[in-house]
Amino acid sequence: MQKRDCPNYVLICGLLRDELEFRITVAQMVEATTEGLLDGIVVSTWFGEVDAIPGLRADLARLRIVLVESYPPKFKISGNAWAQHKAMLQGLRAIPDGAAVWRIRTDRTAHLLKAFRQCLEAGPSPCRRLGRDAPVFERRVVAMAVVATSPFYAADFAFYGLKQDLLKMTHFEGVYDSLFRGFGAENRLWTQPFLKAYPRLAELFERVNVMGFSEHVVGAASAGRVIPDYILYFLTFYWLQLYNNIQLIEERDSAPLGLTVLGVLGGAPCGAIRVGAVASNFTVHIALFNSQRALDDLLEGQFEDDSDLGGRYRRILEEVKARGEDALPVWGDDEAAQLAEMQERTPDVELLPRPSVVHFPKTDDQAWDGKIDVLSGAHFRQMLERESQADVVDDEMLSLIQEKLELTRSGFDTGKLYNMIATDIFRTACDERPKKMLGGFFLLRAAERGNVEAAALYGWLVYSGRLEADTREHATRWTGIAALKENPLAQYTCSLMCKNGWFGEEHRHEADEWHRTALANGFISAMLNAG
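Residues numbered from 1 in each chain as written. Predicted model: local features only at pLDDT ≥ 70, side-chain atom pairs only at ≥ 80, totals over all residues. Heavy atoms only, no water.

(A) Looking closely at the overall build of the protein chain. Each helix and strand in the protein chain was counted, giving 23 helices and 11 strands. For the protein chain, the residues scored as buried account for 56% of the 531 residues in total. For the protein chain, the accessible area works out to roughly 22,400 Å², and carbon and sulfur atoms hold 51% of it. (Helix = DSSP H or I, 4+ residues; strand = E, 2+ residues; numbered from the N terminus. Buried < 20%, exposed > 50% of the residue type's maximum accessible area, 1.4 Å probe, protein only. Areas by Shrake-Rupley, 256 points an atom, 1.4 Å probe, with all protein chains shown as cover.)

(B) Region of the structure containing unusual backbone geometry. Here Arg64, not a glycine, exhibits a phi torsion of approximately 55 degrees, which is positive. Among the secondary structure elements, Arg64 is positioned in the loop between helix H2 (56-62) and strand S3 (66-70). A relative accessible area of 14% means that Arg64 is categorised as buried. A positive phi angle is found at Glu486, which is not glycine, with a value near 70 degrees. Its location among the elements puts Glu486 in the loop between helix H20 (473-484) and helix H21 (488-499).

(C) Structural view of the pattern of salt bridges. Scanning the model with the defined rule gives 36 salt bridges in all. Among the salt bridges present, the one from Glu21 reaches Arg449, with a minimum N-O distance of 2.8 Å. Of this pair, Glu21 sits in helix H1 (residues 19-34) while Arg449 sits in the loop between helix H18 (433-448) and helix H19 (452-463), and the two are 428 residues apart along the sequence. Here the residues in one salt-bridge network are Glu19, Arg23, Asp59, Arg62, Arg386 and Glu387, joined through shared partners. (Salt bridge = Lys/Arg side-chain N within 4 Å of Asp/Glu carboxyl O.)

(D) Just the packing of aromatic side chains, in detail. Tallied over the full model, the rule gives 21 aromatic pairs. Centroid distance Phe152 to Tyr238: 4.9 Å. Interplanar angle 70 degrees. Geometry classified as edge-to-face. Taken together, the positions of Phe152 in the loop between strand S6 (146-147) and strand S7 (158-162) and Tyr238 in helix H10 (residues 229-245) put the pair 86 residues apart, joining distant regions of the chain. For the residue pair Phe152 and Tyr238, the accessibility class agrees, reading buried in each case. Ring geometry for Trp460 and Tyr463: centres 6.5 Å apart, planes at 35 degrees, overall tilted. Pair noted here: Trp460 and Tyr463 are both in helix H19, with a separation of 3 residues, about one helical turn. (Phe/Tyr/Trp six-rings, centres within 6.5 Å; stacked < 30°, edge-to-face > 60°.)

(E) Structural detail: helix H16 (residues 395-405). Every buried residue of H16 is listed here: Met397, Leu398, Leu400, Ile401, Lys404 and Leu405. The buried residues of H16 occupy an angular sector of 160 degrees when projected down its axis, which confines them to one face. What points out from H16, more than 90 degrees from its buried face, is the exposed set Asp395 and Glu403. The N-cap of H16, judged by a side-chain oxygen 3.2 Å from the amide nitrogen of Glu396 a few residues on, is Asp394. (Arc of directions from axis to C-beta. Polar contact = N/O pair within 3.5 Å; in protein donor to acceptor, adjacent residues only side chain to side chain.)

(F) Here's a closer look at the state of the cysteines. Counting across every chain of the model gives 0 disulfides. Here Cys494 stays free of any disulfide, with the sulfur of Cys498 as its closest cysteine sulfur at 5.6 Å. (Disulfide = S-S within 2.5 Å.)

(G) Quick look at the side chain of Arg312. You can see Arg312 is positioned in helix H13 (residues 307-323). Beyond its immediate chain neighbours, meaning those up to four positions away, Arg312 contacts Val226, Ile227, Pro228, Asp229 and Leu232. (Contact = heavy atoms within 4.5 Å.)

(H) Spotlight on the pairing of strand S4 (residues 100-105). For S4, the buried fraction is high: 6 of the 6 residues fall into the buried class. A two-sided burial pattern is seen for S4, the buried positions comprising Ala100, Trp102 and Ile104 on one face and Val101, Arg103 and Arg105 on the other. Examined bridge by bridge, strand S1 (residues 8-13) and S4 share 6 bridges and lie parallel to one another. Looking at the pairing, Val10 lines up with Trp102 of S4. Here 5 bridges tie S4 to S7, and the two strands are oriented antiparallel to one another. (Pairing = 2+ DSSP bridges.)

(I) Structural detail: the nonpolar core. Of all hydrophobic cores here, the largest spans 77 residues; its most connected members are Trp190, Leu201, Phe205, Trp239, Leu265 and Leu299. For this core, the element with the highest residue contribution is H10, accounting for 11 residues. Apart from the residues lying within four places of it in its own chain, the contact partners of Trp190 are Val141, Val142, Ala143, Phe152, Ala154, Ala155, Phe159, Met169 and Ile246. In this structure, Ile421, Leu443, Ala456 and Leu496 belong to the second largest nonpolar core, which totals 50 residues. (Core = buried A, V, L, I, M, F, W, Y, C linked by side-chain atoms within 4.5 Å.)

(J) Spotlight on the pairing of S7. Taken across its 5 residues, S7 has 5 buried, putting it largely inside the fold. Bridge count for strand S5 (residues 141-143) against S7 is 2 bridges, and the pairing is antiparallel. Its bridge partner lying in S7, Ala143 is registered against Phe159.

(K) H19, seen in detail. The terminal C-alpha atoms of H19, which comprises 12 residues, lie 17 Å apart, in line with the 16 Å expected from a rise of 1.5 Å per residue. Buried within H19 are the following residues: Val452, Ala454, Ala455, Ala456, Leu457, Tyr458, Gly459, Trp460, Leu461 and Val462. For H19, the N-terminal capping position is held by Asn451, with its side-chain oxygen 3.3 Å away from the main-chain nitrogen of Glu453. After H19 finishes, the residue Gly465 shows a positive phi value of roughly 85 degrees. (Expected span 1.5 Å × (residues − 1).)

(L) A look at the confidence of the model for the protein chain. Mean pLDDT over the protein chain works out to 80, with 81% of the residues at or above the 70 mark. No element of the protein chain has a lower mean pLDDT than strand S10 (residues 281-286), which averages 31, and none a higher one than S1, which averages 98. pLDDT under 50 marks residues 268-290. Its contacts with residues more than four places away, or in other chains, come to 69 contacts. Here residues 333-372 is a poorly scored stretch, pLDDT under 50, and it has 70 contacts once near neighbours within four places are set aside; other chains count. (pLDDT = per-residue confidence, 0-100.)

Encoded structure:
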């Protein structure tokens, strides 16, 4: 493994949506600095976010974290992309030049430290150069996953690269709204460096909805229709850019996966390829785990020819490697005028007050103080009491929660973790209101993180009156989702909710059908397990 030759910083960006998960994230990052994996922590958010959480500013100061506060952009666009980019830009400015930066969200990312650890230890790896064109980045940027058929659509929860490369991704271009169609926040983030390096990409983006493009390709491949050469030329160019510039977090496996080009485009489950949903369009994802092998196989010729498509792709791959951007198909003859227009459409977003960058002073002791723990103390207890509406969180419950939260250090899924905490709380004190409220708080959080069992149990407890709730909204929503995912307890609860009008009069007739479905799926045993 290569040895890291630059300092590592973590940049935590965005709204402080979730105090508990933000504190978990900060605790994880502080521990990572203590062991030398990280050299500094920067938090970039908006004015008012930190002061809305009692005691948080003091906690960050004691931890000597760099806090960057600014105003959000006055212009709002799809996916709040400019807000995402501004928080990232202001945070990057507070990080030394030449550093490597792990950019993460304020929530839902603490468990990813385990997945990114190997990359953080090694530092950003050199770009590859397969073909004529030089790489766009100085070092490869590490992504969690990329989409094979939607141009430059990669996960934006967490990514890692040199500061100078991440700066290339931040922008406030209006072209994505004025000329292009179908660009979400993820596409905007990852496309910009490649669009600047290869202006002819605009020919495609000006004429094609990128999400519709993906749906078209996957639909055609799945149905066995012919994929025309001009589509293959573009996809091959796109995959080549990913191969040279992007690293996926899992190491490359030793053996080829036996992919076929048709299987990749059509979403056939094969090795590291899986089908996922983006909005309402089904697209092919290169999976989060073992995905580097899949990408490498496609560009290194380690795939199986499948009739005409595989052979055409091999020919086009060699041409794209030789000609680079010049191999892209011509999508129209007015690109020069439209590119000129594109360059004029950058709105002025620098009319806001300058950001406040607070570098908390360091003490004579440059080491991190391991005794400071944002997951303990009065502020943490008060946060739990406030958020859960429990009157008091006693020492027993606080200790139980802190013990379970330690599991995040090993990359434990937060949905499962919150469900475990809720289950333990209900087992220890199912009749005491404060503890029931605390258990319901974690149960609802688990449901929001996609835990189906927690969603089903939350709905049942609220419906049966065993758990207080301000409204029925959360109970009906998560019960319905869990029922659709074939959880028998949720299906039975749905039948009762329908019968008694919780979903509205128009759904009463569905009660019997949900009841029969629940019985068929084994709802009796589910009820026994739920107590």
